[in-house]
Amino acid sequence: MRYLTFLGALLLVLTTVSAQKMTNSKKAIIASVSKHEAELIKISDSIWALAETAFEETESSRILADYAERNGFTVERGVAGIPTAFTATYGSGKPVISVLGEFDALPGISQKAQPQKEALHEGAAGHGCGHNLFGAASLGSAIAVKELMEQGKLKGTIKFMGTPSEEKFFGKIWMVREGIWDGVDVNLSWHPGATTEADVQSTLALVDFKVEFYGQAAHASADPWNGRSASDALELYTTGINYYREHIKPTVRIHYHIQDGGQVVNVVPDYSKIWVRVRDTKRKGMMPVYERVQKMAEGAAIMANVDYKISLISGIYEVLVNRSGGEIMQGNLDLLGPLAYTEAETAFGKKIQEATGKPQVGMDSAIKPLEATKEHPGGGSTDVGDVSWNVPNINLSVTVAPKDTPWHSWAVVACGGMSIGHKGMVHAAKALGMTAADLFENPKLVEKVKAEYKERKGNEVYTPIVPDGPPPIGNN
C-alpha cells in the first residue's frame, strides 16, 4: 500500500514537472527581458526618483506609456476618466492576456538608496511598496511576449494595464467599472515582497469613508455654552469605535485618521473631519461592521448636538484566489530558480535589518513551495481584488527587500532604488512572461484557470464600492 502511495505521488510529481519545461518560448522570454534589462532598470529608477502619489503620477505614467509605444504597442491614455491610467495593446484575437502595472508612491517616506534612514527629499514621498519596480517589470514581461508575437511564435493579444492610485483611492475600481478588463481571458499580476512565491492567498476587503461634523463656533472661555463642538462629536465617535473593537471578529480591522479636529485652542470648533477604514477577510463580513460604525457617527452627533455627514470614498474586494494559475506560476518560478545575491547586497540587507531592529539574516533567496490557501489570511488589501472578481487573476510575489523588512517604510524605498530591487524586478518580468507564454501556447490551461474562477465566484454579483460620478482626481 505504501509502495502504491509513493508511486502515485511520484507520478504526480513527474506529470507536474513534464507539464512545465524550459521551452523555446520561455528561453526567448528570458532573453528578451535580459535584452531590455538596462532600460527597465532606468525606467524603474526614474519612477523611484519621481515618487508621485495617487492620481498625480503624471511623469511616471508617461515614462511607461512612452516606452510601450516605442516598443510597438497601441497605447490609449487617460482611460476610465483617469489622466494617469492607460492601456497598451499588441496583437489580435484570443486568448487575451493582461498584465497589471502600478507606479504610485506613498507620502512622507522619501529615502536615499542606502541602509541608513535619510530622506532623499525631506517630507517627500517614496516607493515604500515597490511600485516603481511593479510597473517596469510588468511592462518588461508584456514586451517579451509581444516580441514573440512579432515573430509569429505566439498568437493572441497581450495588454499592459497602467493602473494608478493603488495606495489611496484604488484606481482599478473605476477602470473595472468602465469595462477595461472586458474580453480579457486571464490577468497576471505581481507584487514586490520579501519572499518569492506564487501567491495563492487572498487579501482583505476594505471600505473607506469620511465623517464630517458641523457645530457652532464660540469663544472657548468667554461663552463656551454658546458653542456646539464638532471636535466633541469626533472624540465621542472615536471612543465608540474603540469600545466596539472588543465585539468584532478577529478578522476585522478598523483604522481612522483625524484630518481636522479644530484649528486653535481658544475656539469651540465648528468643524471636524475623520477618515475611517473598515476591513475584513470577506466583503460579506466587512459590510455589517461598516453599517454599524456609520450608525455610531449619528450617535456621536446626537450626543454633541451637532450635524454630521458621511461620504463614501471607495472600497475594494478581497482577492479571488486562483490555484490553477498559481500552479502554472509556481512551475515557472521553479524553472527560473532562486535569486542570487552578491556579498555587498547581502551586507546591505543585513544593515537594513539592523536599522529596523530585525535579526540580521540577510536576503531570502529561496523559492517558496505552493502553500495551502488560507480561509482567513491576514495582511493588507489591494484593488487587484476587484480585477480578480471580473477576470481570472494569477498572482506572484518576488523578493525585493530583506527578510522581515517593515513594509510601507523607508527601508523598502532604499532597496527599491538599488540592485536588490532591480534583481527582483527582472525576475518578476521573466516569471510573468513565461506564465503568459504557457497560457498563449496551451488553451487547456486558460480553460482550467477560467473554470476555477467561475467555480470560486459562484453566484456572487460584483458591485463596485464607489460613489457615483468620476474618480476623485485632485482630492489628495
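Below you will find a few notes about this structure. Note on numbering: residues in each chain are counted from 1, in written sequence order. Local features in a predicted model are, by the rule used here, given only for residues with pLDDT of at least 70; side-chain atom pairs are given and counted only at 80 or more, and totals for whole chains, interfaces and linings are based on all residues. To get the side-chain values, take all heavy atoms of the structure and skip hydrogens and water.

1. Structural notes on the packing of helix α2 (residues 24–50) against helix α4 (residues 131–150)
The geometry of α2 relative to α4 is characterised by a closest axis approach of 8 Å and an angle of 145° between their N-to-C directions. Crossing handedness for the pair α2 and α4: right-handed. When α2 is examined against α4, the residues S25, A28, I29, S32, V33, K35, H36, L40, I43, S44, I47 and W48 are found in contact with a partner set consisting of N132, L133, A136, G140, I143, A144, V145, E147 and L148. Classification convention: Asp, Glu, Lys, Arg as charged; Ala, Val, Leu, Ile, Met, Phe, Trp, Tyr, Cys, Pro as nonpolar; all other residues, Gly among them, as polar. Residue classes in the contact of α2 with α4 are distributed as 13 nonpolar, six polar and two charged. Under this scheme, a helix contributes an axis fitted over its contacting stretch, all axes are lines through C-alpha atoms, and angles between N-to-C directions fall in the 0 to 180 degree range. Helix numbers and strand numbers start at the N terminus; a helix is a DSSP run of H or I with at least 4 residues, a strand a run of E with at least 2. In this scheme the handedness of a crossing depends on how the near helix is turned from the far one: anticlockwise by less than a right angle means left-handed, clockwise means right-handed. Contacts were defined at the residue level, with two residues in contact if any of their heavy atoms lie within 4.5 Å.

2. Thoughts on the pattern of salt bridges
We define a salt bridge as a side-chain nitrogen of Lys or Arg found within 4 Å of a carboxyl oxygen belonging to Asp or Glu. One pass over the structure, following the stated rule, counts 20 salt bridges. The salt bridge partner of R77 is E69, with a shortest N-O separation of 2.8 Å. Where K94 meets D185, a salt bridge forms, and the shortest distance between an N and an O atom there is 3.2 Å. Taken together, the residues span a long stretch of sequence, with K94 in the loop between β2 (86–91) and β3 (96–101) and D185 in the loop between α5 (171–177) and β5 (186–193) at a distance of 91 residues.

3. So, unusual backbone geometry
Of note, the amide linkage connecting K94 to P95 takes the cis form, showing an omega dihedral of -5°. When you line up the elements, P95 lands in the loop between β2 and β3. Even without being a glycine, S165 presents a positive backbone phi close to 55°. Not every positive phi belongs to a glycine, and H408 is a case in point at roughly 55°. By the secondary structure assignment, H408 is in the loop between β13 (393–399) and α11 (410–416). Here the term buried applies to any residue with accessible area under 20% of the maximum for its type, exposed to any over 50%, and partly exposed to those in between, with areas from a 1.4 Å probe on protein chains only. Taking the relative accessible area as the measure of exposure, H408 reaches 40% and is therefore partly exposed.

4. Thoughts on the side chain of S272
Tracing the backbone shows S272 in strand β11 (residues 271–280). By relative accessible area, which is 0% here, S272 ends up buried. Among the polar contacts listed, one links the side chain of S272 to the backbone oxygen of A230, at a separation of 2.8 Å. Setting aside residues no more than four positions away along its own chain, S272 makes contact with V211, E212, F213, A230, S231, L234, D260 and G261. Here a polar contact is recorded for every N or O atom pair within 3.5 Å, except that within protein the pair must consist of a potential hydrogen donor and a potential acceptor, and residues adjacent in sequence are included only if both atoms are side-chain atoms.

5. Re the sheet that holds β11
Taken in spatial order, the four strands line up as β9-β11-β7-β12 in an open sheet, and their pairing is antiparallel. Two strands in the sheet have a free side with no partner beyond their single neighbour: β9 (253–260) and β12 (307–316). Neighbour-to-neighbour, the strand axes of the sheet open up by a mean angle of 20°, direction not taken into account. Strands qualify as paired when DSSP identifies two bridges or more between them. Strand direction decides the pairing type here: strand β7 (residues 205–214) and β11, joined by 10 bridges, are antiparallel.

6. What to know about the packing of aromatic side chains
Each Phe, Tyr or Trp ring, with Trp reduced to its six-membered ring, pairs with another whose centre is within 6.5 Å; inter-plane angles below 30 degrees give stacked pairs, above 60 give edge-to-face pairs, and intermediate values give tilted ones. Summed over all chains, the structure comprises 11 aromatic pairs. Arranged with centres 6.3 Å apart and planes meeting at 25°, the rings of F86 and F103 form a pair that is stacked. Remark: F103 occurs in the loop between β3 and α4 and F86 occurs in strand β2; sequence separation between them is 17 residues. Each of the two residues, F86 as well as F103, counts as buried. Ring pairs connect the aromatic residues F55, F169 and W174, which therefore count as one cluster. If you follow K146 out to its NZ or CZ, it ends over the ring of Y90, 5.5 Å from the centre. The rule for a charge over a ring is simple: NZ of Lys or CZ of Arg within 6 Å of the ring centre, and within 35 degrees of the ring normal.

7. Observations regarding empty space enclosed by the protein
The rule is simple: put a 1 Å grid over the protein atoms alone, call a set of points where a 1.4 Å probe fits but cannot get out a cavity, call an open set with protein on both sides within 12 Å along at least five of seven lines a pocket, and count a residue as lining if it has an atom within 4 Å of a point. Grid points are joined across faces, edges and corners, and a volume is the space filled by probe spheres set on the points. Applying the stated criterion to the full structure yields one cavity of 30 Å³ or more. Looking at the largest cavity, its volume works out to about 50 Å³. Contributing to the lining of the largest cavity are D199, V200, Q201, V319, L320, V321, N322, N393, I394 and N395. In terms of residue count, β13 provides more of the lining of the largest cavity than any other element does, three residues in total. For the lining of the largest cavity, the class distribution of residues is five nonpolar, four polar and one charged.

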